[in-house]
Amino acid sequence: MDVASSEFYKEDAKKYDLDFKNPDSDPTKWITYEQLADQYKTLAKKYPIVSIEDPFAEDDWEAWSYFYKTSDFQIVGDDLTVTNPVRIKKAIDLKSCNALLLKVNQIGTLTESVSNYDSSSCTKAMLIRQLQIQAAKDSFAAGWGVMVSHRYASSR
């Protein structure tokens, strides 16, 4: 299940608005990450959900770590990690997820990722491949699952 929860996260309130398409959404009905996590668990009792992609907003690290510690789902970081070794390392360190969606035609913010690579001797495409390989290696080393996606999404 791909939740894409960054779409309905209200950063200022640090809450999730399940009625986000309604311009008159009632802020008193917005929910915390703990309540959203409980909703996922309730759904999984009714439906055979084993994997959840982007259950929380991309920078709501506390929510990701909470869910990792309190559930047994495969928790896939896509918006969280954006195939970026720097963000993957942070997700590993914070125990935020346990699977990576590796985009074969994208990498997260290159400027965040290139500090450990000599980009003077390679093209941007070669650098992206190096970073993707590193992302997969780091994920496997952490015991994560790795899924490959060819779908394009804008980089962060």
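Here, every reference points to the structure presented above.
Rules and cut-offs
- Residues numbered from 1 in each chain as written.
- Predicted model: local features only at pLDDT ≥ 70, side-chain atom pairs only at ≥ 80, totals over all residues.
- Heavy atoms only, no water.
- Salt bridge = Lys/Arg side-chain N within 4 Å of Asp/Glu carboxyl O.
- Helix = DSSP H or I, 4+ residues; strand = E, 2+ residues; numbered from the N terminus.
- Phe/Tyr/Trp six-rings, centres within 6.5 Å; stacked < 30°, edge-to-face > 60°.
- Buried < 20%, exposed > 50% of the residue type's maximum accessible area, 1.4 Å probe, protein only.
- Pairing = 2+ DSSP bridges.
- Axes fitted to C-alpha atoms, helices over the stretch in contact; angles between N-to-C directions.
- Contact = heavy atoms within 4.5 Å.
- Arc of directions from axis to C-beta.
- Polar contact = N/O pair within 3.5 Å; in protein donor to acceptor, adjacent residues only side chain to side chain.

Undergrad: Just to check I follow, could you spell out the pattern of salt bridges for this structure?
TA: Evaluated as defined, the whole model comprises four salt bridges. Note that arginine 87 is salt-bridged to aspartate 59, the shortest N-O span being 3.1 Å. Placement of the pair is arginine 87 in helix H3 (residues 85-93) and aspartate 59 in the loop between strand S3 (51-53) and helix H2 (61-70), with a sequence separation of 28 residues. Here lysine 89 ties to aspartate 93 by a salt bridge, and the two come within 2.8 Å at their closest N and O atoms. Highlighted residues: lysine 89 and aspartate 93, both in helix H3, separated by four residues, approximately one helical turn.

Undergrad: Looking at this model, I keep getting lost on the packing of aromatic side chains. Mind explaining?
TA: Each aromatic ring pair is described using two quantities: the centre-to-centre distance and the angle formed by the ring planes. Scanning the entire structure with this criterion turns up 10 aromatic pairs. Summarising the aromatic geometry, the rings of phenylalanine 8 and tyrosine 16 are spaced 5.9 Å apart at their centres and angled 70 degrees between planes, so their arrangement reads as edge-to-face. Comparing phenylalanine 8 with tyrosine 16, the two get one shared label, buried. Relative to phenylalanine 73, the ring of phenylalanine 67 lies with its centre 5.5 Å away and its plane at 25 degrees, an arrangement referred to as stacked. This pair shows no difference in class: phenylalanine 67 is buried, exactly as phenylalanine 73 is. Grouped by ring-pair contacts, the aromatic residues Phe8, Tyr9, Tyr16, Phe20, Tyr40, Phe56, Trp64, Phe67 and Phe73 constitute a single cluster.

Undergrad: Would you mind showing me how to read the sheet that holds S3 here?
TA: Two orientations exist for strands paired in a sheet by backbone hydrogen bonds: parallel and antiparallel. The strand order S3-S4-S5-S6 describes an open sheet built from four strands, whose pairing is parallel. The open sheet has two free edges, formed respectively by S3 and strand S6 (145-149), since each of these has just one partner strand. Neighbour-to-neighbour, the strand axes of this sheet turn through a mean angle of 25 degrees, independent of strand direction. Bridge count between strand S5 (residues 99-103) and S6: five bridges; the pairing is parallel. Looking across to S6, one finds that lysine 103 is bridged to serine 149. Each of S5 and S6 is contacted by helix H5 (residues 124-141), which is oriented at about 165 degrees to S5, the strand it contacts most.

Undergrad: Whenever I open this one, unusual backbone geometry confuses me. Can you help?
TA: In terms of backbone geometry, most residues other than glycine have negative phi values and most peptide bonds are trans. With phi around 55 degrees, alanine 4 is a residue other than glycine that occupies positive phi space. Relative to the helices and strands, alanine 4 is located in the segment before strand S1 (9-10). Under the relative-accessibility criterion, alanine 4 is labelled partly exposed at 27%.

Undergrad: When you look at H3 in this model, what are you seeing that I'm missing?
TA: Since the α-helix advances by 3.6 residues per turn, residues separated by three or four positions end up pointing in the same direction. Looking only at H3, the buried set comprises Pro85, Arg87, Ile88 and Ala91. Projected down its long axis, H3 carries its buried residues within an arc of 160 degrees, all on one side. Between a side-chain oxygen at the N-terminus of H3 and the backbone nitrogen of valine 86 the separation is 2.8 Å; the capping residue is asparagine 84.

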